[in-house]
Amino acid sequence: MPKIVLENITKRFDKFYAVDNLNLVIEDNAFVTLLGPSGCGKTTTLRMIAGLETPTSGSITIDGVPVFDSERGINIPANKRKVGFLFQNYALWPNMTVYQNIAFGLSNIKEEMPKIDFEAHQADSLLHILPKAKEVKKVLEECRDKKGKFDKKAASIRLIDQYDISEKTAKILIDYRLQDASDCESAAKEKARKLTVKIGEIQNKYKKEGLELNEKFELVKDGKVQTQVRKLTEEEIDLQVRRVSRIVKIGMFMDRYPSELSGGQQQRVAIARTLAPKPKVLFMDEPLSNLDAKLRIEMRSELQRLHIETGSTFIYVTHDQLEAMTLATKICLIENGVLQQYDAPLEVYKRPANLFIADFVGNPSINFIEGKGVQEGNGSVDLTVFDGRKIKFLPEEPVNLREWCKQADADVKVQAEDAAKRHKTEKSNKDSIFQYHISKVNTLEGFEEKEPPQDDDLVVGVRPEFINIDSEGPMDCEIYSAMPTGMETMVRIRIGEYLLTSVMFGGKLYQIGQKMKFTIDTGNVLLFSRKTGRLIARGRLSLAAD
């Protein structure tokens with residue numbers, strides 16, 4: 001499977017930069033999700049890799065081959081990139097059966113391929129199955145109805161799935177009537193003998209022409225596989241269709257029409273159709289958004305399994321952070337056309353690079369607590385939060401706050417200068433620091449004026465699962481709301497005029513207005529700079545009792 005490299009990719013629509021100087025490496029067999037809010041540039045990125053959209057500048061390489069390069073004038077069209085597409089709209093042909101929908105794209109392929117003797121290939125497939133005569137007989141016997149009538153269609157499907165063969169080969173195996181033979185093993189041996197003779201005759205015929213058959217039954221001359229520009233044969237198409245239908249478990253629906261299938265089954269057909277041509281890369285643009293919640297969970301599991309079974313590289317666009325977290329080997333998080341973070345899902349969750357990522361990833365959303373901070377000589381940071389409450393942040397790794405702020409300011413300046421050089425056309429969608437939300441009992445959104453943040457203006461980030469309501473906790477609170485879901489309860493607690501969200505596991509009930517105490521899991525706290533929005537450190541809090 002290919003490695004995909006994007007270098008300095010930019011897509012501009014007049015003054016709007018949909019994607020701005022994106023650099024990305026997608027490794028072989030990766031499952032990468034392009035994640036971000038609507039309009040952030042994730043679909044545009046996918047379309048540029050696929051060849052459906054032409055970048056303004058930069059270069060894209062797939063499997064070591066440049067498919068786009070603005071400087072060298074390279075732009076290979078989508079149909080030459082050997083990629084597959086799976087979109088929100090399944091786009092199945094309503095007048096075609098499931099089989100015909102999957103086979104349609106395969107029947108249009110015409111390219112240079114090896115010459116294969118399919119008669120010998122089919123005989124060899126049967127030779128590998130016949131030694132299992134008793135197993136074959138058992139499979140066929142199970143295809144009789146209550147009256148003992150043999151169901152050829154059911155038997156064909158069972159044999160195709162069991163032995164990875166085409167429908168034509170399955171029918172030949174059924175015609176051997178091993179299920180009716182008193183001694184199925186002897187009958188199978190006789191059939192195998194005739195097949196061996198047949199293969200020998202075919203090989204002798206080719207020897208007279210100076211050719212031979214290799215283990216794949218490809219024609220070889222002087223050690224070189226013979227090729228020709230041709231279409232796939234019916235046998236090849238059938239094998240491909242049966243292969244992908246087995247992967248997505250739709251072998252029993254081959255004769256049905258899309259209107260006779262459920263949403264989940266239609267999705268499986270769309271996946272099978274995409275996989276049939278064996279694409280190097282599979283692109284998916286929010287393919288599960290049309291399904292109900294229960295079916296989405298089921299299909300996520302299927303896609304995860306599919307990725308392992310096919311060994312393909314998957315690139316998946318979604319704005320659903322739960323999908324990204326559960327499916328991806330790596331998340332590429334984009335905002336306003338700019339790459340924010342490219343990391344493993346749990347790393348993005350535990351160590352978000354900035355306030356935007358911390359807020360976007362996680363459900364319920366992370367709690368932000370503003371504070372003024374002063375670093376002590378021992379490396380800890382004394383914070384004033386909740387209009388006067390004193391707490392202490394202890395970073396898990398040493399950090400010099402003054403030097404960190406100085407370096408962050410320098411980095412921001414360099415990035416701004418670099419962007420100014422690159423943006424020959426002024427960027428209308430200018431980059432800005434993410435405006436996070438502080439939950440309060442009474443909030444006038446958009447009317448609160450704030451002074452420009454300074455180096456000592458900090459933000460503490462705490463995930464809801466790390467806020468524990470505990471009668472022995474060091475801080476007082478009041479239950480503002482409680483929403484039990486069975487396995488867990490989402491509780492909002494009030495501290496003065498501020499609100500924090502907690503997730504409590506188990507079936508405990510809370511009364512609105514109830515006076516309680518709480519603590520914060522001290523090893524899972526994040527500290528951000530308000531001035532730059534960047535993560536300073538991960539660490540723990542020391543809380544004094546009220």
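Residues numbered from 1 in each chain as written. Predicted model: local features only at pLDDT ≥ 70, side-chain atom pairs only at ≥ 80, totals over all residues. Heavy atoms only, no water.

1. Focus: the pairing of strand β27 (residues 535–543)
- Across the nine residues of β27, seven count as buried, placing the element largely inside the fold.
- Here strand β19 (residues 389–395) pairs with β27 via five bridges, running antiparallel. The residue of β27 that forms the bridge with F393 is L541.
- Sheet analysis places strand β26 (residues 525–529) next to β27, joined by four bridges and oriented antiparallel. Note on β27: the bridge partner recorded for V525 is G539.
- Hairpin connection of β26 to β27: five residues between the antiparallel strands, including G533 at a positive phi of 80°. (Buried < 20%, exposed > 50% of the residue type's maximum accessible area, 1.4 Å probe, protein only. Helix = DSSP H or I, 4+ residues; strand = E, 2+ residues; numbered from the N terminus. Pairing = 2+ DSSP bridges.)

2. What about the packing of helix α6 (residues 167–175) against helix α8 (residues 234–247)?
- In the contact formed by α6 and α8, the axes pass within 8 Å of each other and the chain directions differ by 90°. With respect to α8, the axis of α6 lies roughly perpendicular. From α6, E167, K168 and T169 reach across to α8, where they touch E235, D238 and R242.
- Considered class by class, the residues forming the contact of α6 with α8 number no nonpolar, one polar and five charged. (Axes fitted to C-alpha atoms, helices over the stretch in contact; angles between N-to-C directions. Parallel < 35°, antiparallel > 145°, perpendicular 65-115°, else oblique. Contact = heavy atoms within 4.5 Å. Nonpolar A, V, L, I, M, F, W, Y, C, P; charged D, E, K, R; others polar.)

3. Considerations on the environment of K531
- Note that K531 resides in the loop between β26 and β27.
- In this structure the C-alpha to C-alpha distance between K531 and A344, which are 187 residues apart in sequence, comes to 27 Å.
- Not counting residues up to four positions away in its chain, the partners in contact with K531 are D409, I433, P453, Q454, D455 and D457.
- Among the polar contacts listed, one links the side chain of K531 to the side chain of D455, at a separation of 3.2 Å. (Polar contact = N/O pair within 3.5 Å; in protein donor to acceptor, adjacent residues only side chain to side chain.)

4. A closer look at the UniProt feature "domain: ABC transporter" (unreviewed entry) in the protein
- Mapped onto the present numbering, the UniProt feature "domain: ABC transporter" (unreviewed entry) falls on residues 4–361.
- Structurally, residues 4–361 comprises 42% helix and 23% strand, and the distance from its first C-alpha atom to its last is 25 Å. (UniProt positions renumbered as here; feature names shortened; annotations may be inferred.)

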